[in-house]
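Each chain, letter by letter, is given below.
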Amino acid sequence: MIEACIFDLDGVITDTAEYHYQGWKRMADEAGLKFNREINEQLRGVSRRQSLNIILQYNKRELAEKKIEELMKKKNDYYKQSLESITEKDYLPGIKAFILNIRKKGIKTAIASASKNAEKVIQNLNAKELFDVIADGYSVKKTKPAPDLFLFAAERLNVNPSESVVFEDAQVGIEAALNGGFFSVGIGPDERVGQAHLRYDRTEDIQLEDVLALNR
Ligand code: BG6
Ligand code: MG
């Protein structure tokens, strides 16, 4: 029996992955740093600090701590501006119905997001009552691909990884799930989340029967 489903937030529940990209792009343009959608793929699921490190490495730039803090704040301010436009209409297709469906079957649900803005996103989506547990960028120290965030959520839900499924759109997220002994569902292309137990191109393609059959 699958006892719990643990969902990443950005790019799985709502399309905030695009807002993260736009925030980094605007910051990078203003700071004279090269940045494009290809490098952005490496930032999916990765912490704010680590994301900036990847951008700086790509640009072969080293910056003082104060400047790093300043650029992270800039990006986050732009990102937070985008979040203001999020409403209950902004779930990715099919995902809310899927969550309501599994909850009706008695399956527990959690959010496990690396973001420190997760609370705000969930509030704007009016999604709080869809989840038994919310784990975010403040919950654990070690970020994905370490399994810590998913293990934290599973512990709070009082379930074992081997009876839980993680839903992720990021390569590091799938790695984190596998490192923790969870079943995993990847949302996105094969080259990104192909390591997952199940993979779908889009949230609307997720098949409940396949998910429930994962540990049979
Ligand atoms: C993840 C996103 O969910 O959260 C990353 O996929 C983001 O792109 C990370 O960098 C941290 O988010 P925040 O809101 O704390 O900067
Ligand atoms: Mg994500």
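What you are looking at is a predicted structure, and each value in this text was computed from that prediction instead of being measured.

Colleague: When you look at the overall build of the protein in this model, what are you seeing that I'm missing?
Modeller: Across its full length, the protein carries 10 helices and 6 strands. Viewed in the frame of its principal axes, the protein has a C-alpha envelope of about 50 × 35 × 30 Å. The 216 residues of the protein split such that 51% are buried. Once the 32 positive and 34 negative side-chain charges of the protein are each reduced to a mean point, those two points are 5 Å apart.

Colleague: Explain the packing of helix 1 (residues 16-31) against helix 4 (residues 65-83) to me, please; I cannot follow it from the model alone.
Modeller: A packed helix pair is summarised by two numbers, namely the angle formed by the two axes and the spacing between the axes. Two elements in contact, helix 1 and helix 4, have axes separated by 8 Å at closest approach and are oriented at 135 degrees. Here helix 1 lies oblique to helix 4, going by the angle between them. In this structure, helix 1 crosses over helix 4, and the sense of that crossing is right-handed. Every residue of helix 4 that contacts helix 1 at Thr16, Tyr19, His20, Gly23, Trp24, Arg26, Met27, Glu30 and Ala31 is listed here: Leu71, Lys74, Lys75, Tyr78, Tyr79, Gln81, Ser82 and Leu83. Its residues placed into classes, the contact of helix 1 with helix 4 shows 8 nonpolar, 5 polar and 4 charged.

Colleague: Is there a simple way to think about the pattern of salt bridges in this case?
Modeller: Oppositely charged side chains may form a pair once their charged atoms are brought near each other. What the rule picks out here adds up to 20 salt bridges. Between arginine 44 and glutamate 41 there is a salt bridge, with the nearest N and O atoms lying 3.3 Å from each other. A relative accessible area of 36% means that glutamate 41 is categorised as partly exposed. In this structure, glutamate 168 and lysine 144 form a salt bridge, with 2.8 Å as the shortest nitrogen-oxygen distance.

Colleague: Just to check I follow, could you spell out the pairing of strand 5 (residues 183-187) for this structure?
Modeller: It is a general feature of regular strands that their side chains alternate between the two faces of the sheet. A large share of strand 5 lies buried, amounting to 5 of its 5 residues. Burial along strand 5 is two-sided: Phe183, Val185 and Ile187 facing one way and Ser184 and Gly186 facing the other are all buried. As paired strands, strand 4 (residues 164-168) and strand 5 are joined by 4 bridges and run parallel to one another. Bridging across to strand 5, glutamate 168 finds its partner in glycine 186. Tracing the backbone out of strand 4, into helix 8 (residues 171-179) and back to the parallel element strand 5 gives a crossover that is right-handed.

Rules behind the numbers
- Residues numbered from 1 in each chain as written.
- Chains lettered and ligands numbered in written order.
- Predicted model: local features only at pLDDT ≥ 70, side-chain atom pairs only at ≥ 80, totals over all residues.
- Heavy atoms only, no water.
- Helix = DSSP H or I, 4+ residues; strand = E, 2+ residues; numbered from the N terminus.
- Buried < 20%, exposed > 50% of the residue type's maximum accessible area, 1.4 Å probe, protein only.
- Lys, Arg positive; Asp, Glu negative; His and termini not counted.
- Charge placed at Lys NZ, Arg CZ, Asp CG, Glu CD.
- Axes fitted to C-alpha atoms, helices over the stretch in contact; angles between N-to-C directions.
- Parallel < 35°, antiparallel > 145°, perpendicular 65-115°, else oblique.
- Left-handed = near helix turned anticlockwise from the far one by under 90°.
- Contact = heavy atoms within 4.5 Å.
- Nonpolar A, V, L, I, M, F, W, Y, C, P; charged D, E, K, R; others polar.
- Salt bridge = Lys/Arg side-chain N within 4 Å of Asp/Glu carboxyl O.
- Pairing = 2+ DSSP bridges.
- Right-handed = clockwise from strand over helix to strand, strands pointing away.

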